[in-house]
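Summary of structural features
Letter by letter, the chains look like this.
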Amino acid sequence: MKPSTSLFFHLFLLLLPHLPSAVHALKKAPVDDDDLDMHYYARTCPSFEAIVGSKIAHWHSVDPTLSPSLLRLLFHDCAVRGCDASILLNNPGGERKSPAAATLRGFQVIDDIKAELEKKCPKTVSCADILVAAARDATYKIGGPYWENVYGRKDGRVSIARETEAIPRGRESITDLIVFFESLGLDILDLVVLSGAHTIGRSTCGAIQYRLYNYTGVPGKCDPSINPKYLNYLKRKCRSAYTYVDLDAATPAKFDNVYFKNLKSKMGLLETDQLLLADSRTGPLVSALVSQRNVFEHQFAKSMKNLADTMVLEGHEGEVRTNCNFVNKY
Ligand code: HEM
Ligand SMILES: *[C@@H]1O[C@H](CO)[C@@H](O)[C@H](O)[C@H]1NC(C)=O
């Protein structure tokens, strides 16, 4: 067996005791990436991935907190109208101007990569593909897995702020999350594994203060599913809505499976993080991943590729922007 096959088989065995929910989770949604190709830029821009790689290394050394932000930026792109760089369009009324985008970061990194690519291979590499390559390299840079991407996405011409209201913000039910991921062609395994991205990066306290002081709209009430010591820490840390707090309190700067271990200790930062353990559809997967770092990293790579395949524009369905912030004028 090839290593990848054997790992996947391993995951399957691991999940056997948790049937049937786990088997349901393992059924993959069909992925439509017929025209995307690993070698898409081999002739037209052979230095594409090298340029992205060196820019990510540069920005990571300038500010390592940008790497998690780039991973999240890809999620927010793919979550609305698919992976079409609609999040990057900087027009009034666009996704980027929505409340959901208020804490997104890393736009300057994409602009820097694009500027370099326009010098080396003008009008060739789409902003959507840059986001996909940047998220992969940023993940690898912080100790995550590496995977091969397929390329050939085109950039969309439409971006509507209101459409970002569908993106989960941490206060949803697991059913809501499952339905939302299904709408992207992603299944329950993808949901659990991609939530593991919260093993790195930060949240603003504004996203979770209601869990500390005003749970279910009752003043003074806190979410009983938070570990008391962690609750104490969060109450001290999160006086201001604009303070940053690590998503993984134990190993914030390391891409590992400690995020899932935290859930076992009632130390999930977002309400939706903690609910993944409590829900019967996702809990068994969380439990399996707690003890299997290799399986997590292997499946994270697979699920990221699934995410990057979401409703991709191909051929004449879109364009290659020359500036990621604006639709082409010609
Ligand atoms: C499952 C549903 C998800 C919910 C409810 C959710 C929610 C959130 C929230 C509320 C934040 C903090 C925002 C703030 O600063 O206020 C955040 C940060 C983050 N999210 Fe998610 N997220 C989800 C899925 C994902 C996925 C699929 C990925 C990537 C594969 C991801 C990657 C990240 C990263 C890396 C950060 C930290 C960003 C930074 O440090 O700048 N999230 N998420
Ligand atoms: C508490 O929660 C309720 C319901 O979500 C909300 O209407 C109210 O504004 C919140 N109060 C504070 C002080 O945030």
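For the protein, the name recorded in an unreviewed UniProt entry is Peroxidase, with Canna indica as its organism. UniProt's Catalytic activity (unreviewed entry) comment on the protein is quoted here verbatim: "2 a phenolic donor + H2O2 = 2 a phenolic radical donor + 2 H2O". Note on the protein: under the UniProt heading Function (unreviewed entry), the record states "Removal of H(2)O(2), oxidation of toxic reductants, biosynthesis and degradation of lignin, suberization, auxin catabolism, response to environmental stresses such as wounding, pathogen attack and oxidative stress. These functions might be dependent on each isozyme/isoform in each plant tissue."

We now examine the coordination of the iron atom of ligand 1. Protein coordination of the iron atom of ligand 1 is limited to a single donor, His 198 (NE2), positioned at 2.1 Å. For His 198, the location among the structural elements is in the loop between helix H8 (188-195) and strand S1 (202-204).

To continue, consider the confidence of the model for the protein. When pLDDT is averaged across the protein, the result is 92; 90% of the residues are at 70 or more. Across residues 16-33, confidence stays below pLDDT 50; counting only partners more than four residues off in sequence or on other chains, it has 28 contacts.

A few words now on the site of ligand 1. The environment of ligand 1 is made up of 23 residues, and the closest members are Pro 68, Ser 69, His 198, Arg 202 and Thr 204. For ligand 1, an oxygen atom lies 2.6 Å from a polar atom in the side chain of Ser 69. Measuring from a nitrogen atom of ligand 1, one finds a side-chain N or O atom of His 198 at 2.9 Å. Of all elements in the fold, only helix H4 (66-78), H8 and S1 reach the threshold of two or more residues within the shell around ligand 1. For the shell around ligand 1, the leading source of residues is H4, giving four residues. The residue inventory of the shell around ligand 1, partitioned by class, reads 11 nonpolar, nine polar and three charged. Structurally, the shell around ligand 1 is a two-domain feature, drawing no fewer than three residues from each of domain 1 (11-28 + 170-307) and domain 2 (48-166 + 308-317).

Attention shifts here to the state of the cysteines. One pass over the full model with this rule turns up four disulfides. What pairs with Cys 78 in a disulfide is Cys 83, and their sulfur atoms sit 2.1 Å apart. Around the S-S axis, the bridge from Cys 78 to Cys 83 shows a dihedral of about 115° and counts as right-handed. For Cys 78, a relative accessible area of 0% gives the class buried. Sulfur-sulfur distance for the disulfide between Cys 127 and Cys 324 comes to 2.1 Å. In this structure, the disulfide formed by Cys 127 and Cys 324 twists by about -95° around the S-S bond and is classed as left-handed. You can see Cys 127 sitting in helix H6 (residues 127-141) and its partner Cys 324 sitting in the segment after helix H14 (293-308), a full 197 residues away along the chain. Residue classification places Cys 127 among the buried residues on the basis of a relative accessible area of 0%. Accessibility expressed as a relative area gives 1% for Cys 324, which makes it buried.

Bringing the UniProt feature "binding site: Ca(2+) 2" (unreviewed entry) in the protein into the picture now. Taken from the UniProt record, the annotation "binding site: Ca(2+) 2" (unreviewed entry) applies to Thr 199, Asp 248, Thr 251 and Asp 256. A maximum C-alpha distance of 9.8 Å is found for the annotated residues, which run over 58 residues; spatially they form one tight group. Position of Thr 251 relative to the elements: it lies in the loop between strand S2 (244-246) and helix H11 (258-264). Those residues in contact with Thr 251 that lie beyond four places of it in its chain are Thr 199, Asp 256 and Val 258.

Core analysis: the biggest nonpolar cluster contains 73 residues, and Phe 48, Leu 73, Leu 88, Ile 110, Leu 117, Phe 260 and Phe 300 have the highest contact counts within it. A per-element tally of this core places H6 first, with nine residues. Viewed by domain, this core spans two of them, domain 1 (11-28 + 170-307) and domain 2 (48-166 + 308-317), each represented by three or more residues. Setting aside residues up to four positions removed in sequence, Leu 88 forms contacts with Leu 73, Arg 96, Phe 107, Ile 110, Cys 127, Leu 131, Arg 321, Cys 324 and Asn 325. Membership of the second largest hydrophobic core comes to 13 residues, among which are Cys 205, Leu 231, Leu 234 and Val 245.

Cut-offs and rules
Residues numbered from 1 in each chain as written. Chains lettered and ligands numbered in written order. Predicted model: local features only at pLDDT ≥ 70, side-chain atom pairs only at ≥ 80, totals over all residues. Heavy atoms only, no water. UniProt positions renumbered as here; feature names shortened; annotations may be inferred. Donors = N, O, S within 2.8 Å, 3.2 Å for Na, K, Ca; no water. Helix = DSSP H or I, 4+ residues; strand = E, 2+ residues; numbered from the N terminus. pLDDT = per-residue confidence, 0-100. Contact = heavy atoms within 4.5 Å. Near = heavy atom within 4 Å. Polar contact = N/O pair within 3.5 Å; in protein donor to acceptor, adjacent residues only side chain to side chain. Nonpolar A, V, L, I, M, F, W, Y, C, P; charged D, E, K, R; others polar. Domains from an automatic or database assignment. Disulfide = S-S within 2.5 Å. Buried < 20%, exposed > 50% of the residue type's maximum accessible area, 1.4 Å probe, protein only. Core = buried A, V, L, I, M, F, W, Y, C linked by side-chain atoms within 4.5 Å.

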